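# Working through the structure, step by step
Here is what each chain is made of, one letter per residue.
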Amino acid sequence: MAWLVWFAALAPLAHFTLALTPGGAPGVLRASRITALVGLGAGAFALAYPLVFGSLTLPLVGGDPLGLSLRLDPLSGVMSALIGFIGWVVLGYSRNYLAGDPRQAQFLRTLSLTLGLVQGLVLAGDLLQLVLCWIGASLAVNRLLLFRGERQAAVLAARKRFLVSRLAEACLILAAVMMWRATGTTDIAQILERAGSLPAPTFSLAALLLALSAVFSSAQLPFHGWILEVMETPTPVSALLHAGVVNAGGFLMLRFAEVLAAQPGALLLLIVVGAATAIFGSLVMLTQTSVKVGLAYSTIAQMGFMLLECGLGAFSAALLHIVAHSLYKAHAFLSAGGAAAHGSTPRARRHAPLAAGLALPLLVGAAASLAAWMGLGPAKDPGVLVLTGVLALGLARVLIYAWECGSRTMMAAGLATSALAVAGYGLAQALFAQLVAGVLPPPPAPSTLAVGVSIAALTLMAGLVGLQLVLPRADGATGWARAYAVVANGFYLNTLANRWALRFWPAPPKFAAQDGAAQ
């Protein structure tokens, strides 16, 4: 039944066909509808096949070291199905969003090219194919970022991303060459099988380079600035970036999880950078007044959490995180205009009976209670513990908000929502753990550092949520106002990045007068 695998290849092929479709908007619009449905169906097939027939790699063209092949397993299936669904939604949204724009056909071609390359990346069974699709998708995204090339912020975002992406690609290429030289093959399945029996120095360096590639490509500190300015592009690009392309670093960590799991140095890098970025993004997000900038900082934080989970060995939790974040963030960006138009939810009473000093103990207690109920502990599975604790903190915040509103209806709704969220999370966690049981390695024994980082991350997150409750009652203090300004500007890290980028790659003359605004 191996010939059935060819149906999975229809996803990237359909998108490449649309990218090459000649003519104006009417023909491209008709083709985009068919392409979106083919991508959706092929993605669903890519998920169903390994669940029914098992995993396999199908050679397509050539062989080592210049071959192309298709790898179908639960990991590539989940990612292909996710991309197929996101592509179907974004292409449909783009047909209405850019209706009447003279460059709509060009936009749809470039968007489809990006989707096809990302599909080729997640389905790659060969190192060469993976690297080529990674580079191609990055260049296609930069073309999308420059769709509104007359906007200074869009040009600056594209340039910063271009520079950081080249660093990510250099690390990935070096890692691929090292793995090929060490194993004598470019077949990813064979490389993963031999990961535990190869010379430690070679694979240690390759694992470290893979981790660096993920850090550069996932908008992690201090390389996050470009993702804050992609809102100058059309909304479908923001949705695709935040819901799909930025997850490439996480997918890279999961695809080469066997290589990473045996290298403590690479895991340590992911733990430190991921935890620092998650706390940074969560803190700055609380101060944003722009809906889309707040969503951008949310993405930075979520990618940090996802890399932290990979560093802690919670690979199935990281995959669940990627899927949940992609679906949420695509919806959030595509509906951001409606959220701004209709306003926010009812406000809590400013001077609610809840004492601010009780917020932190309550939140920490909620996290500990949920973790204990699920049989987790920092020494057992720190990665899953972190994700579970973050869920508990979010639910505790919902319940505190409902209680402060003084409405029994709000409280009942909060309790019901929390119960459904906990049940759904537990079911999803068990489902994904079972789904990738034979594909991703089990979590390595947690080190003392991993246990310490997981406890510290949860404590800091609880502190941030407690701070969110305290700030409205202290917004008149001068010290708070000064600190708020620094945090709201992201500690001015993006300003420094803009100056560095403009010094390395000066703005064209027509933007010279706007350089101050960009900084």
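Report on the accompanying structure. For clarity, every value in this text was computed on a predicted model and none was experimentally measured. (Residues numbered from 1 in each chain as written. Predicted model: local features only at pLDDT ≥ 70, side-chain atom pairs only at ≥ 80, totals over all residues. Heavy atoms only, no water.)

## Concerning the overall build of the protein chain
Selection rule: Each helix is a run of H or I in the DSSP string that is no shorter than four residues. Each strand is a run of E no shorter than two, and both are numbered from the N terminus. The buried label goes to any residue with under 20% of its type's maximum accessible area, the exposed label to any with over 50%, and the partly exposed label to all in between, with areas taken from a 1.4 Å probe on protein chains only. The contact criterion used is simple: two residues touch if any of their non-hydrogen atoms lie within 4.5 Å. Only the protein chains shown count as cover for residues, with accessible areas throughout obtained via the Shrake-Rupley method and a probe of 1.4 Å.
Looking only at helices and strands, one finds 22 helices and two strands in the protein chain. The 519 residues of the protein chain split such that 54% are buried. If you take every contact in the protein chain between residues at least 6 apart in sequence, the share linking residues at least 24 apart comes to 79%. Roughly 21300 Å² of accessible area belongs to the protein chain as shown, and the carbon and sulfur atoms make up 69% of that amount.

## Things to note about the side chain of Asp-126
What counts, and what does not: Just so you know, the count uses Lys and Arg for positive and Asp and Glu for negative, and it drops His and the chain ends. Any carboxyl oxygen of Asp or Glu within 4 Å of a side-chain nitrogen of Lys or Arg constitutes a salt bridge here. Distance and chemistry together define a polar contact, namely a pair of N or O atoms within 3.5 Å, with one atom able to donate a hydrogen and the other to accept it when in protein, and with adjacent residues in sequence counting only for side-chain atoms on both sides.
With respect to the helices, strands and loops of the structure, Asp-126 is situated in the loop between helix H4 (104–122) and helix H5 (127–145). Buried within the structure, Asp-126 lacks any salt-bridge partner; Arg-71 is the closest side chain of opposite charge, at an N-O distance of 12 Å. Within the structure, Asp-126 has its side chain in polar contact with the side chain of Thr-186 (distance 2.7 Å).

## Topic: unusual backbone geometry
The omega angle of the peptide bond from Leu-221 to Pro-222 is -5°, so this bond is cis rather than trans. Looking at where Pro-222 falls in the secondary structure, it is placed in the loop between helix H8 (200–217) and helix H9 (235–243). A positive phi angle, near 60°, is found at Phe-491, a position not held by glycine. Here Phe-491 lies in the loop between helix H20 (478–488) and helix H21 (493–504). Taking relative accessible area as the criterion, Phe-491 reaches 37% and is therefore assigned partly exposed. You will see that Tyr-492, though not glycine, has its phi angle at about 65°, which is positive. Relative to the helices and strands, Tyr-492 is located in the loop between H20 and H21. Looking at Tyr-492, the relative accessible area reads 38%, which means it is partly exposed.

## Considering the pattern of salt bridges
Close approach of charged atoms allows side chains of opposite charge to pair. Counted by the stated rule, this structure contains four salt bridges. Close ionic contact of Arg-148 with Asp-101 constitutes a salt bridge, the shortest N to O distance being 3.4 Å. Linking Arg-148 in the loop between H5 and helix H6 (152–183) with Asp-101 in the loop between helix H3 (74–97) and H4, this pair joins segments that are 47 residues apart in sequence.

## A word on empty space enclosed by the protein
Worth spelling out the cut-off: In this analysis, the protein atoms alone were mapped onto a 1 Å grid. Cavities are point sets where a 1.4 Å probe fits without being able to get out; pockets are open sets with protein on both sides within 12 Å along at least five of seven lines; lining residues have an atom within 4 Å of a point. Grid points are joined across faces, edges and corners, and a volume is the space filled by probe spheres set on the points. Each residue is assigned to one of three groups, with Ala, Val, Leu, Ile, Met, Phe, Trp, Tyr, Cys and Pro labelled nonpolar, Asp, Glu, Lys and Arg labelled charged, and all others, Gly among them, labelled polar.
Using the criterion set out here, one finds one cavity of 30 Å³ or more in the structure. Here the largest cavity defines a volume of roughly 320 Å³. In terms of lining, the largest cavity is formed by 27 residues, of which the most central are Arg-161, Gly-244, Val-245, Val-246 and Ala-248. The set of elements that each furnish at least two residues to the lining of the largest cavity consists of H3, H4, H5, H6, H8 and H9. Top element by residues in the lining of the largest cavity is H6. It accounts for five residues. Looking at the lining of the largest cavity residue by residue, the class counts come to 19 nonpolar, six polar and two charged.

## Section: the side chain of Ser-165
Take Ser-165: it is sitting in helix H6. Polar contacts involving the side chain of Ser-165 include one to the main-chain carbonyl oxygen of Arg-161, which spans 2.7 Å.

## Here's the deal with a nonpolar patch on the surface
Rules: Here, patches come from residues exposed beyond 30% relative accessible area and free of salt bridges, joined within 9 Å for like charges and within 5 Å for nonpolar side chains (Val, Leu, Ile, Met, Phe, Trp, Tyr).
A contiguous nonpolar surface patch, about 410 Å² in accessible area, is contributed by Val-486, Phe-491, Tyr-492, Leu-493 and Leu-496. Here Leu-496 is to be found in helix H21.

## Re helix H2 (residues 25–53)
The cut-off we apply is this: Multiplying 1.5 Å by the residue count of a helix minus one yields the expected span of that helix.
With 29 residues, H2 should reach 42 Å at 1.5 Å per residue; the first-to-last C-alpha distance of 41 Å fits that figure. Three or more residues of H2 are buried, namely Val-28, Leu-29, Ala-31, Ser-32, Thr-35, Ala-36, Gly-39, Ala-42, Gly-43, Ala-46, Tyr-49 and Pro-50. Where H2 terminates, the next one or two residues include Gly-54, which has phi positive at roughly 95°.

## Quick notes on H3
Given a rise of 1.5 Å per residue, 24 residues ought to cover 34 Å, and the 34 Å separating the end C-alpha atoms of H3 matches this to within 8%. Of all the 24 residues making up H3, 18 are buried; the element is thus mostly covered by neighbouring parts of the structure.

## A few points about the environment of Gln-220
Note that Gln-220 resides in the loop between H8 and H9. For the pair Gln-220 and Gly-281, spaced 61 residues apart in the sequence, the C-alpha separation amounts to 9.3 Å. Discounting chain neighbours no more than four positions away, the residues touching Gln-220 are Val-215, Val-273, Gly-274, Thr-277, Ile-300, Met-303, Gly-304 and Leu-307. Of the polar contacts made by the side chain of Gln-220, one reaches the backbone oxygen of Ser-218; its length is 3.0 Å. Polar side-chain contacts of Gln-220 include one of 3.4 Å to the side chain of Thr-277.

## Details of the nonpolar core
Within soluble globular proteins, side chains that are nonpolar tend to cluster in buried spots. What counts, and what does not: The criterion is simple. A nonpolar core is a set of buried Ala, Val, Leu, Ile, Met, Phe, Trp, Tyr and Cys residues joined through side-chain atoms within 4.5 Å.
Ranked by size, the top nonpolar core spans 141 residues in total, and within it Met-179, Leu-210, Met-253, Leu-254, Phe-256, Val-259 and Leu-308 carry the most contacts. For Phe-256, the contacting residues outside a window of four places in its chain are Leu-127, Leu-130, Met-179, Ile-188, Leu-192 and Leu-210.

## Description of the packing of H2 against H4
To characterise two packed helices, one gives the angle between the axes of the helices and the distance between these axes. The condition that has to hold: Here an axis means a line fitted to C-alpha atoms, over the contact stretch when the element is a helix, while the angle between two N-to-C directions is reported on a 0 to 180 degree scale. For classification purposes, angles smaller than 35 degrees are called roughly parallel, those larger than 145 roughly antiparallel, those between 65 and 115 roughly perpendicular, and all remaining angles oblique. Handedness of a crossing follows from how the near helix is turned relative to the far one, being left-handed for an anticlockwise turn of less than a right angle and right-handed for a clockwise one.
Between H2 and H4, the least distance of the axes is 9 Å, while the angle of their chain directions is 20°. The pairing of H2 with H4 is recorded here as roughly parallel in orientation. Here H2 and H4 pass one another in a crossing that is left-handed. For the pair formed by H2 and H4, the contact residues are Ala-25, Val-28, Leu-29, Ser-32, Thr-35 and Gly-39 on the first element and Gln-104, Ala-105, Leu-108, Arg-109, Ser-112 and Gln-119 on the second. Grouping the constituent residues of the contact of H2 with H4 by class yields five nonpolar, six polar and one charged.

## Points about the packing of aromatic side chains
Stated formally: In this analysis, rings of Phe, Tyr and Trp, with Trp reduced to its six-membered ring, are considered paired at centre separations within 6.5 Å, and the interplanar angle assigns stacked below 30 degrees, edge-to-face beyond 60, and tilted for intermediate values. Consider the ring centre and the ring normal. A charge sits over the ring if Lys NZ or Arg CZ is within 6 Å of that centre and within 35 degrees of that normal.
Across all of its chains, the model carries nine aromatic pairs by this definition. Seen from their ring centres, Phe-7 and Phe-45 are 5.7 Å apart, and the 65° between their planes marks the pair as edge-to-face. Taken together, the positions of Phe-7 in the segment before helix H1 (10–19) and Phe-45 in helix H2 put the pair 38 residues apart, joining distant regions of the chain. Ring geometry for Tyr-93 and Tyr-97: centres 5.6 Å apart, planes at 25°, overall stacked. Here Tyr-93 pairs with Tyr-97, and both are found in helix H3, just four residues apart, close to one helical turn. On the accessibility criterion, Tyr-97 (37% relative accessible area) is partly exposed. Aromatic rings pair up to connect Phe-7, Phe-45, Tyr-49 and Phe-53 into one cluster. It is Arg-103 that lies over the ring of Phe-147; its NZ or CZ is 4.3 Å from the centre. Taking the ring centre of Trp-226 as reference, the NZ or CZ of Arg-161 above it sits at 5.2 Å.

Functional significance is not addressed by these values, which are geometric in nature.
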